[in-house]
Amino acid sequence: MSQHPIREVSPGTVAVTAGRPPRVQGGPVNPPVVLSSTYVSAGDPGGERLYTRMDTETWGPFEETLAALEGGRHGIVLGSGMAAIAAAVGDLRPGSVVVVPRHAYQVTLGFLDDRAARYDVEVRRVDVADTDAVVAALDGADLLLAESPTNPMLEVADLPALLAAARERGVRTVVDNTFATPLGQRPLALGADVVVHSVTKYLAGHSDVVLGAVVTDDDAIAADVRAYRTLHGAIAGPMEVFLALRGLRTLHLRVERANANADELARRLAAHPAVAEVRHPSLPGDPGHERAAAQMNGFGAIIGLRPRGGRAAADAVVDAVALWVPATSLGGVESSLERRRRFATESVTVPEDLLRLSVGVEDVEDLWADLDQALSRVAAGQGLA
Ligand SMILES: *Cc1c(COP(=O)(O)O)cnc(C)c1O
């Protein structure tokens, strides 16, 4: 669909140029959004489009662009990140064994627990940073559903080692690449069978859509995921996909700025007197630093922050910020934060006072000034400073 590139181009250029209509005189530069539930069709339905739950031309350009960024042959857009995860996990027959990080997106864990309760599936929760423990858990497993860095604890997995160990044992691997984005790491090149995304987050990037996607090189998995989408009806609306592609065009600019902001804020937070602990893989002392430096491009823009003063101080910081938005979700242009354990469903091993910061693309000095005033004010109020 896009013009044949003159040479291999960089990911930022792919984000801008992939999935464009053919260059024809008078033709549009952007793919049109087609709002039609059905297509003209009579008699024997051949290969043409029939009905939008099965396929619609507005999906293709987004799918093609994301697949190019992830370096996979098939990109498949679905109605949410959870729809993408459910589709990628596929059938888990009774007796199936799934290995998953103990700190993973809480709804992913809830989804697996639901399967476990209904269908006699075994879920092995592991510390994904502990390579030996994960490899041991892969024995007799059917699926590894990995996150790295993890949500919300930012543990970094040794993805090349884990994916190789899974492959040797015939274990299917799905990597949730939402936090890193394809600019931060490309799990298919590291040996994964499937990549899933909450497109809601960085890929769309503006907190205005909920969408998901699967990318794979495996034809059989791609066919299964497309069948899942049609049979379960987990489809994306054309307007949402239009917005996601529009967001994807600036992914490299947003990620570069957000990552740079996060590196700088993590460094300053680590030296702040009102802070007990900061987690961000950019910090030389962070447990995930060496691994992230070796296998990622950049360190991502999510920070784990534990203010001094425990849970009450953490809640007070959320109330005291003015620029940062108190909200769940992440990966938007606007910086946001929340205390994760406010959800009863969050893992109990996530500290009560952990704030998850999603660093956006605002001016870093403004972000810092707001955090600094909030932390200092809360510490003073608690008699800690
Ligand atoms: C948000 C999120 C999901 C779920 O995506 P939705 O689009 O909300 O369904 C899955 N994995 C991770 C890591 C997420 O942050």
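Anything mentioned here points back to the structure above.
Cut-offs used in this document
Each chain carries its own residue numbering, running from 1 in the direction its sequence is written. In keeping with the predicted nature of the model, local features appear solely for residues at pLDDT of at least 70, side-chain atom pairs appear and are counted solely at 80 or more, and the whole-chain, interface and lining totals rest on all residues. Hydrogens and water are ignored here; the side-chain numbers use all heavy atoms of the structure. Any carboxyl oxygen of Asp or Glu within 4 Å of a side-chain nitrogen of Lys or Arg constitutes a salt bridge here. Think of it this way: any DSSP run of H or I at least four residues long counts as a helix, any run of E at least two long counts as a strand, and we number them from the N terminus. Only protein chains enter the accessibility calculation, which uses a 1.4 Å probe; a residue is then buried when its area is under 20% of its type maximum, exposed when over 50%, and partly exposed in between. One requirement defines pairing of two strands: DSSP has to find at least two bridges between them. Think of it like this: strands point away, you trace from the first strand over the helix to the second, and a clockwise trace means the crossover is right-handed. Being near a molecule or strand, for a residue, means having at least one of its heavy atoms within 4 Å of it. Definition of a polar contact: a pair of N or O atoms within 3.5 Å, with one able to donate and the other able to accept a hydrogen when the atoms are protein atoms, and with sequence-neighbouring residues admitted only if both atoms are side-chain atoms. Each accessible area value is a Shrake-Rupley result obtained with a 1.4 Å probe; residue values ignore everything except the protein chains displayed when judging cover. Amino acid classes used here: Ala, Val, Leu, Ile, Met, Phe, Trp, Tyr, Cys and Pro are nonpolar; Asp, Glu, Lys and Arg are charged; the rest, including Gly, are polar. Throughout, a contact is declared for two residues whenever any of their heavy atoms are within 4.5 Å. Whenever a helix is involved, its axis is fitted only over the stretch in contact; in every case the axis is a line through C-alpha atoms, and angles between N-to-C directions fall within 0 to 180 degrees.

S.K.: Before we go on, may I ask you to explain the pattern of salt bridges in this structure?
M.R.: When the charged atoms of two side chains lie near each other, side chains of opposite charge can form a pair. Scanning the entire structure with this criterion turns up 25 salt bridges. Among the ionic pairs, Arg 73 bridges to Asp 219, the shortest N-O distance being 2.8 Å. One end of the pair, Arg 73, is in the loop between helix 2 (59–70) and strand 1 (74–78); the other, Asp 219, is in helix 8 (residues 219–232), with 146 residues separating them in the sequence. Note that Glu 352 and Arg 341 form a salt bridge whose closest N and O atoms lie 3.5 Å from each other. Of this pair, Glu 352 sits in the loop between strand 11 (336–339) and strand 12 (355–358) while Arg 341 sits in the loop between strand 11 and strand 12, and the two are eleven residues apart along the sequence. What you see here is one network of salt bridges that share partners, running through Arg 311, Asp 315, Arg 339, Arg 341 and Glu 352.

S.K.: Explain the pairing of strand 4 (residues 143–147) to me, please; I cannot follow it from the model alone.
M.R.: Along any regular strand the residues' side chains alternate between the sheet's two faces. Judged by how many residues are buried, strand 4 sits mostly within the fold: five of five residues are covered. Residue alternation in strand 4 divides its side chains into two sets, Leu 143, Leu 145 and Glu 147 and Leu 144 and Ala 146, and both sets are buried. Note: strand 2 (residues 97–101) against strand 4, two bridges, orientation parallel. Residue pairing in the sheet places Val 99 in a bridge with Leu 144 of strand 4. Across five bridges, the pairing between strand 4 and strand 5 (residues 172–176) is parallel. By the bridge assignment, Leu 143 is partnered in strand 5 with Arg 172. What joins strand 4 to strand 5 is helix 6 (residues 159–168), and the crossover it makes is right-handed.

S.K.: Would you mind going over the site of the ligand with me for this structure?
M.R.: Neighbouring residues of the ligand: 14 residues in total, closest Gly 81, Asp 176, Ser 198, Thr 200 and Lys 201. Note that an oxygen atom of the ligand is positioned 2.9 Å from one of the backbone N or O atoms of Gly 81. Surface burial for the ligand is 92%, taken as the share of its 380 Å² of free accessible area covered by protein chains. Looking at the shell around the ligand residue by residue, the classes come out as six nonpolar, six polar and two charged.

S.K.: Please clarify how the environment of Asp 176 should be interpreted in this entry.
M.R.: As for its placement among the helices and strands, Asp 176 is situated in strand 5. With 21 residues separating them along the chain, Asp 176 and Glu 155 place their C-alpha atoms 13 Å apart.

S.K.: Any chance you could explain the sheet that holds strand 10 (residues 325–326) here in plain terms?
M.R.: What links the strands of a sheet is backbone hydrogen bonding, and the strands pair in either a parallel or an antiparallel sense. Sheet architecture is open: five strands sit in the order 8-9-12-11-10, paired in mixed fashion. Only two strands of the sheet have a single neighbouring strand rather than two, namely strand 8 (275–279) and strand 10. Pairing analysis gives two bridges linking strand 10 to strand 11, with the strands arranged parallel. By the bridge assignment for strand 11, Pro 326 is matched with Leu 337. Helix 12 (residues 310–320) rests against strand 9 (302–307), strand 10, strand 11 and strand 12 of the sheet, and its axis sits at about 155° to strand 11.

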